[in-house]
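# An overview of the molecular structure
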Amino acid sequence: MVFEYAPAPESASVVDIRESYGLFVDGAFTRGGGEPFKTINPADETVLAEVACADEGDVDRAVRAARKAFDKVWGPMPGAERAKYLYRIARIVQERARELAVLESIDNGKPIRESRDVDVPLVAAHFFYYAGWADKLGHAGFGTDPKPLGVAAQVIPWNFPLLMLAWKIAPALACGNTVVLKPAETTPLTALLFADICRQAELPPGVVNIVTGAGGTGRALVAHDGVDKVAFTGSTEVGKEIARTVAGTRKRLTLELGGKAANIVYADAALDQAVEGVVDGIFFNQGHVCCAGSRLLVQESIADELLDRLKARMATLRVGDPLDKNTDVGAVNSAAQLAKIRELSASGEQEGATRWSPPCDLPDRGFWFAPTVFTGVAQSHRIAREEIFGPVLSVLTFRTPDEAVAKANNTPYGLSAGIWTEKGSQILWTAQRLRAGVVWANTFNKFDPASPFGGYKESGFGREGGRHGLEAYLDV
Amino acid sequence: MTYFGDAEGVSTETLTGAAELRAFLHGLPGVDRVGAEERAARLAGRSIKTSAKAAAIDLAISMVDLTTLEGADTPGKVRALCAKAARPDPDDPDVPRVAAVCVYSDLVDVAVRALDGTGIGVASVATSFPSGRAPLEAKLADTRAAVAAGAAEIDMVIDRGAFLAGDYAKVAGEIAAVKEACGSAHLKVILETGELATLDNVRRASWLAMRAGGDFIKTSTGKVSPAATLPVTLVMLEAVRDFRAATGRQVGVKPAGGIRTTKDAIKYLVLVNETAGPDWLTPDWFRLGASSVLNDLLMQRRKLATGVYSGPDYFTLD
Amino acid sequence: MSERPGKHERLSVRKTYKLYVNGAFPRSESGRSYVVTDAKGRFVANASHASRKDVRDAVGAARKAFGGWSGRTPYNRGQILYRIAEMLEGRGAQFADELRTAGLSKAAASAEVDAAVDRWVWYAGWADKLAAVAGSANPVAGPFFNFSTPEPTGVVGVVAPDSPLLGLVSTVAPAIVSGNTAVVVASEPAPLPAITLAEVLATSDLPGGVVNVLTGRRAELAPWLATHMDVNALDLAGVPADAVADLEEKAAGNLKRVVRPDESDWGAEPGTARMTAFLETKTVWHPVGV
C-alpha cells in the first residue's frame, strides 16, 4: 500500500496583498525616493508586489521621526504604558496569526507548517515577553534606573523576516528606544503588515518606522548621524562592514551573524532522536538558518548506521509547495541564494566529497534545492568551512571527544552547536568546551524569547532574548 | 541469582543466554522522550485530505481488531460484535470488513461460529489477561484452550513485574512457551506500555518480545491508562523496522486502547507510513485495537461520500 | 690581615625594566629601548621598546595560557587574584616610589597603591560570583532546562590608561578575573609600575602567559593588537580619542569586542561593565523527560 498524501494547501485568501507598498515613516505610509523594487514568490517566481525603496532622504526622515518620538513620547512614557502597547501588539499578532503565516510563506518560501507553528507564535511570544520587562528594567541587573539609548537602526535578514523583526523591535521598544527598521529586500511584506499592526495598536507615530530597500538603504541607515544604536542580523561579511562604519562613533553595536555549527553525535546517542535532530538542524527552513547544524560530526564507530538512518529519514522529507501543510522543505528564498548553494555544492564534489540526495521531484518554476548530504568531508573542504545557508549537510567523523570538540571549534564562527549523547557528564564536558553561544544538547534549533541567543567570535556579539537581550538597548 | 530469575535447574547455557539478553537490551540506543514526543506530534500534524483521507479510512477499517473485553461479555454480546465486524455499515456493502474480532478465551468458540464464512479471524486474549499474574502453566492452558476453540491469533500479556524486576529471561521464556502453545496461531505480545512507564523500557520490551518469537507487538490491554499513545507506537514501529533490518524477519504492530476517532486512526497510519514504511500498511502487519473508533470511521466515510456530516443515530451500536 | 674596605657610598643596583611575556622577562626582540623620565624630565630608566613581534609572541603566550586559566575553578582564580593583592601590598613602598617618580605626591602615591591593592581584592571576590550575577536559568516554554553561563571571550588586548598603577590594575583585573588572558600595552610615559606589577604577578601563582606586559609606543603596538586575528577583544582605555576610530575599524577584521575609552574615574567603584564586556554568554538547552 502506498499512502500518498493529497495536496493540503493552506488558503492564501486570508491575505490581501496590495499592488504596491510605501515606506512606513512617522505613522504613515509614504512614497520612497529610490527606484521601487519588486518582491516575488520564490516558489513560482510570480511578482507579489512593488515596494518603495528608501533613499538617504527617506532614511533621514525616518530617523528624525524616530528621534522626535523618542524625545517627545516614547522616551518619557512610563514603562508600564510602553508595556501595554507591546502587549497589544502581541495580541494583534495572535489575532492575525494565520494571515501573517501565509504571507510569510508566500514571500519567503518557507513551509506554512514552520511559519504557522514556529515563526509567528514566537513573534507573539517575543512581544509578550519583552512587554513584561518594560516596567521592570530596574530589576534587570543594569542599575536601578537604566536609560534607553535613543534611536535604534535595525537591519534584518530574509530567513525569518517577521521573527527577526520581533527580536529587534520588542526589546528596543521595551527599553524605551524608538526604531527604524530595514527588512531584507526579498522579504519586505510581513514587516509592512506589521506596520499596519502598529497602527491598529495605536502605537504613537515615529516609534516604529519601516524603511524598505536593498543594501544602499541599509548603509544609509547604519551611517546616519542621528542613530544611537545599530543592530544587525545577517552575514559576517556585512557585519564587518557595519562594524567599520560605526567605528569611532558613539553608536552601540550588536551583531548576529553567520555560523557553521557542528552537530556532534556520540556513539551512545539516542539514535532516532539524533537523526531527527540532524534533520531539523539542517533542513529546517531550507537550511536558511544562521545556527543551522551544517556540520554533522559523528563518532566513527556509528557513522555508517547513523548515515543509513539519516538517508532513510531524508527520503521521507516532502519538498514542495510552501503553502501545503505537509511540506517539510520549501523554496529557496531567491535566485541568488540558489546560485550560491549550487556553487558551494559543486565545490564539495570537486573537492572530493560524496554527494547524495533522496529521489525528489522539484517543481519546474521557482527556486528549489533537494535536501543534500555530503559524506567523506574533510575540515579543509569549503563545504566544511563556509556557510552554505541551504539544505546541505556536511558529514565528518571523529574518534574521541577531544577530537570532536577540536573539530567543532575549528572555525572562525561560534554561533551554535549540538551534542547528542545519553551520558550526562559527557554533555556537560562537551558543552563547556564548545566555543558557541547556543548549545543544544539532545535537541536542536529550539528558540524561546526567554533564552539568550547570539554568537562567539565572528558570529557576532551581543545577545538577543532573555534578560541578556535588554543590555543591547540600555545605556549600560 | 535473582538477576536471571529462578536459577535453580537452569543450565549454564541458559544463564549465558540470560546475561546476553540483558546486555543486549541494555545496549540498545536510548530513547529521548522529548524528542520522540516531538516527532510523533510533528507526524500527527500531517494534513490528510480528500482522496488520501478516503483511502486511509478504508485502510483503517480493514485494520481494526474489533474488541470486547468485559467481565460482562456474553455470547449475545459477542455475536452482535461479530455481525458488526462482517458488515460494519449495513447500508454500504463497499465498506471493508475488519481484520479480526478480539474476545476472551472462553468466548472464542462463540465468535468462531458467528464469523464462520466471513474470513474474519478470531483473536483471543490469553495468559491471564490483563494482569498476567498467574503461573506459567495456567497461562499456557489459557492459550491452548483458545487455540483449540479456533482462535487464529493469541494476544498474550507479558509479565510486567518480571520485566520491571529485570528478569528479562523469565519474560522471554514465557513468550517462547506461549508461542509454542500457539501452534500455527499468530502471537501478539502485549507490552502494557502504560506500566512500563519509560520509552527506553518500551524499546527493550519490544526487542525482547521480537527475539522471543512474537509475531506482533501490541501496546496495551486497554485496562491501564495510558493505553496506546503516538510516542509509544513510534518507538515500537522503530523497533520492528530495526528488527527487520537486523534479522530479516518482519513483526507487526498493534496499538490498542484510546483510539476513538478517525483523526486518531489516521495519525497512526501516518506514523506507520513514515516510520516503519509502507510494508507495514496492511492488516497483516498493523492493527488497531479498538471498538468505538469503527463507527467514527464509518461516519467520516459517509461524510466524504455525501458531503454532509452524519450523526450517530445512523450507525449501529454493537 | 686583610685590607679594610674603602669608606665610600655604596652604588645601588638598578633594575633593568624588561617585558613580561609568557611568565618570563625578556627584552624586546628588537633590542630597542626608550628613555623614561621623571616628572621633571630627568632620566629614570631605559624601558623596553616592544615591537610587533613582541606583540605576536605575547598573543601566542596569552592564547596558550587561555585553556588552563579559563579552566581553573573560579575559586582558584579568586585566590590567585587575592594573592596578587597580598604581593602588591608587600611591595607597596616600591610602587609608591615609582609613582612619586612619575610625579605623584607622597600622599597621593601611597593612596594610589592602597587603592590598587584594594581593587585586586575587590575583583578577587568577583571570580566566583560573576556566573551567578551574569548567568541565568531561563524559563522557556517547553520541556527543556535552559541555562546561560558567562564564559571568558579569550585573549584580550589592553591598551592601559596613563593612570600608571590604579588604571592599569582596573583594566587588567576585570579582563582576567573571568578567565580571559591579556596582552597589556603599558602606559607609554609611565611604564615602570607596569613592569613592577609584572614582578608581582610572577610571584602570585598566576600562570605564565595569563598577563603579558609590553612597554613601548602605543601608536606602534595597538594597531598590531587590533588587527591580530587571534585576539578576541580590546580595551582601548589608554587610546587617545583621535586614534579610536582607526583601531575600531581594524578590530572589525575579526569582530573583536571593543571597550571604547571614556572619562573613567579610576578611583570610583568600577561596577561590572568591564568584566561583562569580555564575557560571552553561552546558553545550553536540554530536554526534560524520562
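Rules behind the numbers
- Residues numbered from 1 in each chain as written.
- Chains lettered and ligands numbered in written order.
- Predicted model: local features only at pLDDT ≥ 70, side-chain atom pairs only at ≥ 80, totals over all residues.
- Helix = DSSP H or I, 4+ residues; strand = E, 2+ residues; numbered from the N terminus.
- Rg over C-alpha atoms; globule rule 2.2 N^0.38 Å.
- Buried ≥ 20, exposed ≤ 12 C-beta atoms within 10 Å, placed from the backbone.
- Contact = placed C-beta atoms within 7 Å.
- Nonpolar A, V, L, I, M, F, W, Y, C, P; charged D, E, K, R; others polar.
- Pairing = 2+ DSSP bridges.
- Axes fitted to C-alpha atoms, helices over the stretch in contact; angles between N-to-C directions.
- Parallel < 35°, antiparallel > 145°, perpendicular 65-115°, else oblique.
- Left-handed = near helix turned anticlockwise from the far one by under 90°.
- pLDDT = per-residue confidence, 0-100.
- Core = buried A, V, L, I, M, F, W, Y, C linked by C-beta atoms within 7 Å.
- Right-handed = clockwise from strand over helix to strand, strands pointing away.

For chain B, the count of helices and strands is 13 helices and eight strands. Over its C-alpha trace chain B gives a radius of gyration of 19 Å, about what one expects of a compact globule, namely 20 Å for 318 residues. C-alpha atoms of chain B, sized along the principal axes, occupy 65 × 45 × 30 Å. For chain B, buried positions account for 55% of its 318 residues. The contacts of chain B with a sequence gap of at least 6 include a subset with a gap of at least 24, amounting to 74%.

A few words now on the overall build of chain C. Secondary structure assignment for chain C yields 10 helices and 10 strands. Over its C-alpha trace chain C gives a radius of gyration of 21 Å, about what one expects of a compact globule, namely 19 Å for 290 residues. When its C-alpha atoms are laid out on the principal axes, chain C stretches across 90 × 40 × 35 Å. Each of the 290 residues in chain C was classed as buried or not, and the buried ones make up 51%. Put simply, 75% of the contacts in chain C that link residues at least 6 apart link residues at least 24 apart.

Bringing the interface of chain C and chain A into the picture now. Many descriptions give the size of an interface as the accessible area lost when the pieces come together. Across the contact, 26 residues belong to chain C and 35 residues belong to chain A. Looking at the side of chain C that touches chain A, the elements with two or more residues in it are strand E4 (144-152), helix H9 (241-251) and strand E10 (279-287) of chain C. Of the residues contributing to the side of chain C that touches chain A, the split by class is 13 nonpolar, eight polar and five charged. Inspection of the sheet shows strand E17 (residues 438-441) of chain A paired to E10(C) by three bridges, in the parallel sense. Opposite Trp440(A), over in E10(C), you have Trp285(C) as the bridge partner.

Listed per partner, the contact involves 21 residues of chain A and 24 residues of chain B. Per element, the largest residue contribution to the side of chain A that touches chain B is five residues, and it comes from helix H9 (residues 271-283) of chain A. Counted by class, the side of chain A that touches chain B contains nine nonpolar, six polar and six charged residues.

Quick look at the sheet that holds strand E7 (residues 211-214) of chain C now. Residues and elements named next belong to chain C. Strand order in the open sheet formed by five strands is E7-E6-E5-E8-E9, with parallel pairing between adjacent strands. Whereas interior strands pair on both sides, the edge strands pair on one side only; in this sheet they are E7 and strand E9 (257-259). Between one strand axis and the next, the sheet turns by 15 degrees as a mean value, whatever way the strands run. Bridging between strand E8 (residues 233-235) and E9 involves three bridges; their strand directions are parallel. Along E9, the bridge assignment pairs alanine 233 with arginine 257. The strands touched by helix H8 (residues 218-227) within the sheet are strand E5 (155-159), strand E6 (181-185), E7 and E8, with E6 carrying the most contacts at an inclination of about 155 degrees.

A separate point is the packing of helix H3 (residues 92-101) of chain C against helix H4 (residues 106-126) of chain C. Residues and elements named next belong to chain C. Between H3 and H4, whose axes approach to 9 Å, the crossing angle comes to 130 degrees. Viewed along their axes, H3 and H4 adopt a mutual orientation that is oblique. Both H3 and H4 take part in a crossing whose hand is right-handed. Each of Gly92, Phe95, Ala96, Leu99 and Arg100 in H3 lies in contact with H4, whose residues at this interface are Lys106, Ala109, Ser110, Glu112 and Val113. The class makeup of the residues in the contact of H3 with H4 is five nonpolar, two polar and three charged.

Take the sheet that holds strand E8 (residues 288-290) of chain B next. Residues and elements named next belong to chain B. Taking strand neighbours across the sheet as the criterion, the eight strands line up as E7-E6-E5-E4-E3-E2-E1-E8 in an open arrangement whose pairing is parallel. The open sheet has two edge strands, strand E7 (252-254) and E8, and neither has a second partner. On average, each strand axis in the sheet is inclined to that of its neighbour by 25 degrees, with strand direction left out of account. Here strand E1 (residues 64-67) runs beside strand E2 (residues 100-104); their pairing, made up of three bridges, is parallel. Residue pairing across strands places aspartate 65 opposite alanine 100, the latter belonging to E2. Lying on the sheet, helix H11 (residues 230-247) is in contact with strand E6 (216-218) and E7; it crosses E7 at an angle near 170 degrees.

Regions with low pLDDT carry predicted coordinates that are not meant to be interpreted in detail. Chain-level statistics for chain C give a pLDDT mean of 96 and a share of 98% at 70 or above. Taken over the whole predicted complex, pTM reads 0.95, whereas the ipTM for its chain interfaces reads 0.97.

On to the confidence of the model for chain B. Put simply, chain B has an average pLDDT of 94, and 95% of its residues get 70 or more. Below a pLDDT of 50 lies the segment residues 1-11 of chain B, which in the model reaches 11 contacts outside its immediate sequence neighbourhood of four places, other chains included.

Moving on, we come to unusual backbone geometry. A cis amide bond, omega 0 degrees, links Phe129(B) with the succeeding residue Pro130(B). With respect to the helices and strands, the residue Pro130(B) is situated in the loop between strand E3 (121-126) and helix H6 (136-148). Pro226(B) follows Ser225(B) through a cis peptide bond whose omega is 0 degrees. With respect to the helices and strands, Pro226(B) occurs in the loop between E6 and H11. Within the chain, Gln286(A) stands out as a residue other than glycine whose phi angle is a positive 60 degrees. Here Gln286(A) shows up in the loop between H9 and strand E12 (295-299). Phi is positive for Phe389(A), which is not a glycine, with a value near 60 degrees. Inspection of the secondary structure puts Phe389(A) in the loop between helix H12 (382-385) and strand E15 (392-398).

Leu86(A), Ala60(B), Val101(B) and Val184(C) are the most contacted members of the largest nonpolar core, which totals 365 residues. The element best represented in this core is helix H4 (residues 112-133) of chain A, accounting for 12 residues. When neighbours within four sequence positions are excluded, Leu86(A) is seen to be in contact with Phe127(A), Tyr130(A), Ala131(A), Ala134(A), Ala170(A), Leu173(A) and Ala174(A).

All names here are of chain A. Side chains Ala262 and Ile264 of strand E11 (residues 262-265) all project onto a buried face; the interleaved residues Asn263 and Val265 project onto the opposite face, where all are buried too. Bridge analysis of E11 against E12 gives four bridges, and the strand direction is parallel. Residue pairing in the sheet places alanine 262 in a bridge with arginine 295 of E12. Chirality of the crossover, the property in question, places the unit of E11, H9 and E12 among those that are right-handed. Looking at chain direction, E11 and strand E16 (residues 416-420) are connected through four bridges and run parallel. Looking at E16, one finds that isoleucine 264 is bridged to isoleucine 419.

Attention now goes to the environment of Ala239(B). Residue and element names in this part refer to chain B. Mapped onto the secondary structure, alanine 239 falls in helix H11. On a C-alpha basis, the gap between alanine 239 and threonine 275 in space is 9.8 Å, while along the polypeptide they are 36 residues apart. Those residues in contact with alanine 239 that lie beyond four places of it in its chain are Arg203, Ser206 and Trp207.

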